[in-house]
Amino acid sequence: MTDPREKLIRYKLSRAEETLEEAAVMLRTGHPYGAANRLYYACFYAVTALLLTGNLSSSRHKKPSDSQTITSLCLNCSTK
C-alpha cells in the first residue's frame, strides 16, 4: 500500500484497536468512565477509517445542511 489515504486508513484502524485495548484495561481496573471515553474514541477512529474508504470525511465544524449527512448517504446507497 503506497496510497497515502490507505496508509491513513490503516493508521486509524490501528488507533481504534489500541484504544479498544485501553478501554478493556480501564474496565478491568475499575474505571468505567475512562473505559467509556476510550470506547468513544475507538468508535471515532473506526468510523473515520470507514468514511475514508469511501473517500469521505467528517467535520464537527460544518452544519448538516452544509454537507451530505450519513443518513442521506445510506439512503442513496439503498436506492442504487
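Residues numbered from 1 in each chain as written. Predicted model: local features only at pLDDT ≥ 70, side-chain atom pairs only at ≥ 80, totals over all residues. Heavy atoms only, no water.

*Asks:* Explain the packing of aromatic side chains to me, using residue names and the numbers behind them.
*Replies:* Applying the stated rule across the entire model yields 4 aromatic pairs. A ring pair is formed by Tyr40 and Tyr41, whose centres lie 5.0 Å apart and whose planes are at 85°; its orientation type is edge-to-face. We classify Tyr40 as exposed; its relative accessible area is 54%. Classification of Tyr41 as partly exposed rests on a relative accessible area of 31%. Geometrically, the ring pair formed by Tyr41 and Tyr45 is tilted, given 6.4 Å between the ring centres and 45° between the ring planes. Taken together, the positions of Tyr41 and Tyr45, both in helix H2 (residues 32-53) and 4 residues apart, correspond to about one turn of that helix. The structure contains a cluster of three or more aromatic residues connected by ring pairs, namely Tyr40, Tyr41, Phe44 and Tyr45. (Phe/Tyr/Trp six-rings, centres within 6.5 Å; stacked < 30°, edge-to-face > 60°. Buried < 20%, exposed > 50% of the residue type's maximum accessible area, 1.4 Å probe, protein only. Helix = DSSP H or I, 4+ residues; strand = E, 2+ residues; numbered from the N terminus.)

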